[in-house]
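Results of the structural survey
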Amino acid sequence: MSEDVHTLVGAWALDAVDADERARVERHLDACASCAQEAAELRETVARLADVTVAEPPARLRENVLAQVRRTRQEAPAARPGEAPAPGPVADLRRGPHRSRRSPRLRLALGAAALAVAAAFAGVFATWAVMQQPAGEGERIAAVLEAADAEVSYQEAEGGGRVTVITSEALDQGVVVVADLAAPGPDRSYQVWLVEEAGQVSAGVMDPGDSSATMLVEGLGDTLLVGVTNEPAGGSAEPTLPMVADVALPA
Amino acid sequence: MFDKGAEAHRQDQPRLSVVAGAGPDTAEALLHRTALGEDDAFAALYDLMSGRVYGLCLRIVRDPAQAEEVAQEVLVEVWRTATRFDEHRGSAAAWITTIAHRRAVDRVRSAQAAGDRERRAAAESAEPEYDSVAETAAGRLEHRQVRRCLKTLTELQRQAVTLAYYGGHTYRQVASLLDAAVPTVKSRIRDGLIKLRDCLEVSR
Ligand SMILES: [Zn+2]
């Protein structure tokens, strides 16, 4: 019978069991350290399957959730041994034998989660479809994002929105994500600059009126900052100060 | 001089580290602060995770209005039970995703039990275009890695895992959908997940 429970751990991790089986597996996890370990790892693995389904929720969801949270009391901290454990798969997951260190596997999964976090900070879920990039550029952007040395920097812009820069020193390339800036005004464009000790060069001018864009920057060289300015439509030869954002790149 | 202007305007800014568990902006750190009742930490956590929660709910329940309802339940549950998160047992992302998946699956199964197939069928035929929206910065990165690893599974492993996870089906339902033996599907799900686990580890 316990052989049977062992194989059920996979289906359990996918929530693909019925209520009786779930109870049976979870009882077993309390008693069996190796299954509890496997269960934790498979839960972590399974959560990665949600990487491919990210979608931007309607804006009102944020207001609704935050409003409900303001009138929702939080539960007491987790039950100590001897107390009745909280119901639910998550609480049950935590009831396995305590492990003092996170396993390497969990740590690795966390690294990926942190990258997803970076994307969320970029605020790009609605505005950036790599598919819409010019031919070939999507691939090159993806290469920067996948670079082993990719680093993420960002800054909230004056007037709202955010500018995120993902850089790869090895590739000498970066991706600039401009998201949800204030409307630039009639016949105005946002312009992106690479700033280094010696001065600055234009990295590109956004379409007039646009407040979100993504661009690939090749040849970062000694760039210290990525700046964004509000310029007359079509851009300027020199930046108009103050900058809307100036994102410092990793040293 | 431009550089001075830039300097004057420059602020100390947070750097988002992609190193696991480091820095104040990780989901783990935000969840811990949420557990202390800090509304602003929860709001930041919402901004990090709502796309993941909503997107998963949408994929499973298929109906945007219902997905929104379920996502709200999930996110409020994250707030309510943040006190019970223990990072020694796994990542915050997995903890939140697990809650979302469980709630979405519950919704689908109770709809099935209520004989609410009509609405589900209608919703299924009108699949929203969220796949293109999901093609985003790091989203794409993750996307590729997961897809690449799913390709290392056998056809049966892959179908069983994806039908169970994205379809919200039990392994018995998966067996009947695939016209395969129930014990076989149960085993393929487990060894498929183990292979997936090892692949995701290797490539990161
Ligand atoms: Zn066991």
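Residues numbered from 1 in each chain as written. Chains lettered and ligands numbered in written order. Predicted model: local features only at pLDDT ≥ 70, side-chain atom pairs only at ≥ 80, totals over all residues. Heavy atoms only, no water.

1. Focus on the overall build of chain B
Scanning chain B from N- to C-terminus turns up eleven helices and one strand. Within chain B, the fraction of its 204 residues that count as buried is 55%. Pairs at least 24 residues apart make up 61% of the contacts formed inside chain B by residues separated by at least 6 positions. Of the roughly 8,400 Å² of accessible surface on chain B, a fraction of 51% belongs to carbon and sulfur atoms. (Helix = DSSP H or I, 4+ residues; strand = E, 2+ residues; numbered from the N terminus. Buried < 20%, exposed > 50% of the residue type's maximum accessible area, 1.4 Å probe, protein only. Contact = heavy atoms within 4.5 Å. Areas by Shrake-Rupley, 256 points an atom, 1.4 Å probe, with all protein chains shown as cover.)

2. Quick word on the packing of aromatic side chains
Aromatic rings considered in pairs are described by the distance between their centres and by the relative angle of their planes. The final tally for this structure, using the stated rule, is three aromatic pairs over all chains. Judged by centre distance (5.3 Å) and plane angle (80°), the rings of Tyr165(B) and Tyr166(B) are edge-to-face. Note on accessibility: Tyr165(B) and Tyr166(B) belong to one class, buried. Lying over the aromatic face of Trp12(A), Arg43(A) brings its terminal NZ or CZ to 4.3 Å of the ring centre. (Phe/Tyr/Trp six-rings, centres within 6.5 Å; stacked < 30°, edge-to-face > 60°. Lys NZ or Arg CZ within 6 Å of the ring centre and 35° of its normal.)

3. Side note on the coordination of the zinc ion
Residues and elements named next belong to chain A. Within the protein, the atoms that donate to the zinc ion are His6 (NE2), His28 (NE2), Cys32 (SG) and Cys35 (SG), at distances of 2.0 to 2.4 Å. Between the donor residues of the zinc ion, the gaps in sequence give the motif H-x21-H-x3-C-x2-C. With His6 in helix H1 (residues 2-13) and Cys35 in helix H3 (residues 33-48), the pair connects residues that are 29 residues apart, well separated along the chain. Judged by its relative accessible area of 22%, His6 is partly exposed. (Donors = N, O, S within 2.8 Å, 3.2 Å for Na, K, Ca; no water.)

4. Quick word on the nonpolar core
Buried together is how nonpolar side chains tend to be arranged in soluble globular proteins. Grouped together as the largest cluster of nonpolar side chains are 78 residues, with contacts concentrated most on Leu14(A), Leu49(A) and Leu193(B). When residues of this core are assigned to their parent elements, the largest contribution, 14 residues, is made by helix H3 (residues 39-61) of chain B. Residues in contact with Leu193(B), not counting those within four places in the same chain, are Gly10(A), Ala13(A), Leu14(A), Leu42(A), Thr45(A), Val46(A) and Val161(B). One finds Val176(A), Tyr190(A), Leu194(A) and Val244(A) within the second-largest nonpolar core, a separate group that totals 19 residues. (Core = buried A, V, L, I, M, F, W, Y, C linked by side-chain atoms within 4.5 Å.)

5. Section: the pairing of strand S8 (residues 245-248) of chain A
Residues and elements named next belong to chain A. Residues Ala245 and Val247 of S8 are buried on one face, and the alternating residues Asp246 and Ala248, pointing to the opposite face, are buried as well. Note: strand S7 (residues 225-232) against S8, four bridges, orientation antiparallel. Bridge assignment links Val226 to a residue of S8, and that residue is Val247. (Pairing = 2+ DSSP bridges.)

6. Describing unusual backbone geometry
Note: most peptide bonds trans; most residues except glycine with negative phi. Residues and elements named next belong to chain A. That bond from Leu241 to Pro242 is cis: its omega, 0°, falls within 30 degrees of zero. Topologically, Pro242 is positioned in the loop between S7 and S8. Even without a glycine there, the phi angle at Asp180 is positive, about 60°. With respect to the helices and strands, the residue Asp180 is situated in the loop between strand S3 (173-179) and strand S4 (188-196). The backbone phi angle of Asp187 is positive, close to 55°, even though this residue is not glycine. Note on placement: Asp187 falls in the loop between S3 and S4. Relative accessible area serves as the criterion here: at 64%, Asp187 is assigned to the exposed category.

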